[in-house]
There are 2 protein chains.
Amino acid sequence: MEKSDLLKIVGKRVQELRISKGLTQVDLVGKIEGEIDTTNISRIESGRTNPTIFTLYRISKALDVSLIELLNFKTEI
Amino acid sequence: MEKSDLLKIVGKRVQELRISKGLTQVDLVGKIEGEIDTTNISRIESGRTNPTIFTLYRISKALDVSLIELLNFKTEI
DNA sequence: TCCATATTTGACATATTTGACAAGTCAAAT
DNA sequence: ATTTGACTTGTCAAATATGTCAAATATGGA
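Residues numbered from 1 in each chain as written. Chains lettered and ligands numbered in written order. Predicted model: local features only at pLDDT ≥ 70, side-chain atom pairs only at ≥ 80, totals over all residues. Heavy atoms only, no water.

For chain A, an unreviewed UniProt entry supplies the name Helix-turn-helix and the organism Paenimyroides ummariense.

Quick look at the structure:
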């Protein structure tokens, strides 16, 4: 699988979870430990950046799911 | 959870899978698509670096497991 | 429409991953 | 003791993730 396709899938999953929790990007940023910005959330959700595992971990915690759940895509990759 | 703890868990999981497949780091690098170096495998396995999701994905493919399986730790995180 | 909120995008600086190579460590075998 | 294999560690440069701010664009409601 292409890098860009992987990043799109990851991003869509983040967005899907965020919206299902009724959170805006601003809300999500407010719940994330440490520094982060809607800029980065936007870039991750749109697949424009290749996030590190720790960044994804922090996002998963803010979304009240485990990292494994965050990465549990519908598509098998 | 601390960043360093997360990275150690991820690294141990990579190492555990690699060894269970009877591969050396050199073997693994040989199976990974695209450029990579045993230096990075070593750093990831020891938790000294915070790999991107795409790097972990490439490693998972070389280990013949899905990304989700690679990140399926014993410890719930 | 207008207004407020939400998101995206660009520009820039900083931090860190990654790739590459060299050198070091360590254990095992001969 | 030397060699061999596996892994670690250091350094360097390049690419890129991240952080920050500002501006532009989209979205939805009154």
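**A closer look at the interface of chain A and chain B**
Where interface size is given, it is often the accessible area lost as the parts come together that is meant. Let me state the cut-off plainly: The contact rule is simple, with two residues in contact once any of their heavy atoms fall within 4.5 Å. Summed over both partners, the accessible surface that disappears when two parts come together, traced with a 1.4 Å probe, is what is meant by buried area. Salt bridge, as applied in this entry: a Lys or Arg side-chain nitrogen positioned within 4 Å of an Asp or Glu carboxyl oxygen. Counting of polar contacts relies on pairs of N or O atoms within 3.5 Å, with two restrictions inside protein: one atom must be capable of donating a hydrogen and the other of accepting it, and residues adjacent in sequence are counted only when both atoms are side-chain atoms. Each helix is a run of H or I in the DSSP string that is no shorter than four residues. Each strand is a run of E no shorter than two, and both are numbered from the N terminus. In this classification, Asp, Glu, Lys and Arg are treated as charged, Ala, Val, Leu, Ile, Met, Phe, Trp, Tyr, Cys and Pro as nonpolar, and every other residue, Gly included, as polar.
Taken together, the contacts link 21 residues of chain A with 21 residues of chain B. Interface area, chain A with chain B, both sides summed: about 1,900 Å², of which 74% is carbon and sulfur. Three residues stand out in chain A for area buried against chain B, namely A:Ile53, A:Phe54 and A:Ile68, and they jointly supply 31% of the buried area on that side. Here chain A and chain B share zero salt bridges between them. Joining chain A to chain B, the criterion identifies eight residue pairs in polar contact (both at pLDDT 80 or more). Elements with a minimum of two residues in the side of chain A that touches chain B: helix H1 (3-20), helix H4 (53-62) and helix H5 (67-70) of chain A. Per-element accounting of the side of chain A that touches chain B gives the leading share, five residues, to H4(A). Here the residues of the side of chain A that touches chain B sort into 14 nonpolar, four polar and three charged.

**So, the UniProt feature "domain: HTH cro/C1-type" (unreviewed entry) in chain A**
Quick reminder of the rule: UniProt positions are given in the numbering used here, feature names are shortened, and annotations may be inferred rather than shown by experiment.
Mapped onto this structure's residue numbering, the UniProt feature "domain: HTH cro/C1-type" (unreviewed entry) falls at residues 14-70 of chain A. Helix makes up 63% of residues 14-70 of chain A and strand 0%. Its end C-alpha atoms lie 7 Å apart.

**Structural notes on the environment of A:Glu45**
All names here are of chain A. Structurally, Glu 45 can be placed in helix H3 (residues 38-45). Note: C-alpha distance between Glu 45 and Gly 30 (15 residues apart in sequence) is 17 Å. Excluding anything up to four places from it in sequence, Glu 45 contacts Gly 11, Lys 12, Val 14, Gln 15, Arg 18 and Gln 25.

**A closer look at helix H1 (residues 3-20) of chain B**
Cut-off, in case you're wondering: What a helix should span is 1.5 Å times the count of its residues minus one. Whether a residue is buried, partly exposed or exposed follows from its accessible area with a 1.4 Å probe, protein chains only, as a fraction of its type maximum: under 20%, in between, or over 50%, in that order.
Helix length check: H1(B) (18 residues) gives 26 Å between terminal C-alpha atoms against 26 Å at 1.5 Å per residue, within 8%. Those residues of H1(B) not exposed but buried are B:Leu6, B:Leu7, B:Ile9, B:Val10, B:Gly11, B:Arg13, B:Val14, B:Leu17 and B:Arg18. Against the buried residues of H1(B) lie H4 and H5 of chain A together with helix H2 (25-31), helix H3 (38-45), helix H4 (53-62) and helix H5 (67-70) of chain B.

**Section: the relation of the copies chain A and chain B**
The line we're drawing: Alignment of copies: least-squares fit on C-alpha atoms of residues with pLDDT of at least 70 in both copies.
Rotating chain A by 180 degrees and moving it 0.1 Å along the rotation axis overlays it on chain B with an RMSD of 0.1 Å. Both copies are brought into coincidence by an operation consistent with a two-fold rotation axis. Taking the C-alpha atom as reference, chain A places A:Thr52 closest to the rotation axis, 1.9 Å from it. Interface overlap between copies is the fraction of interface residues in one copy that are interface residues in the other; for chain A against chain B it reaches 100%, indicating a shared surface.

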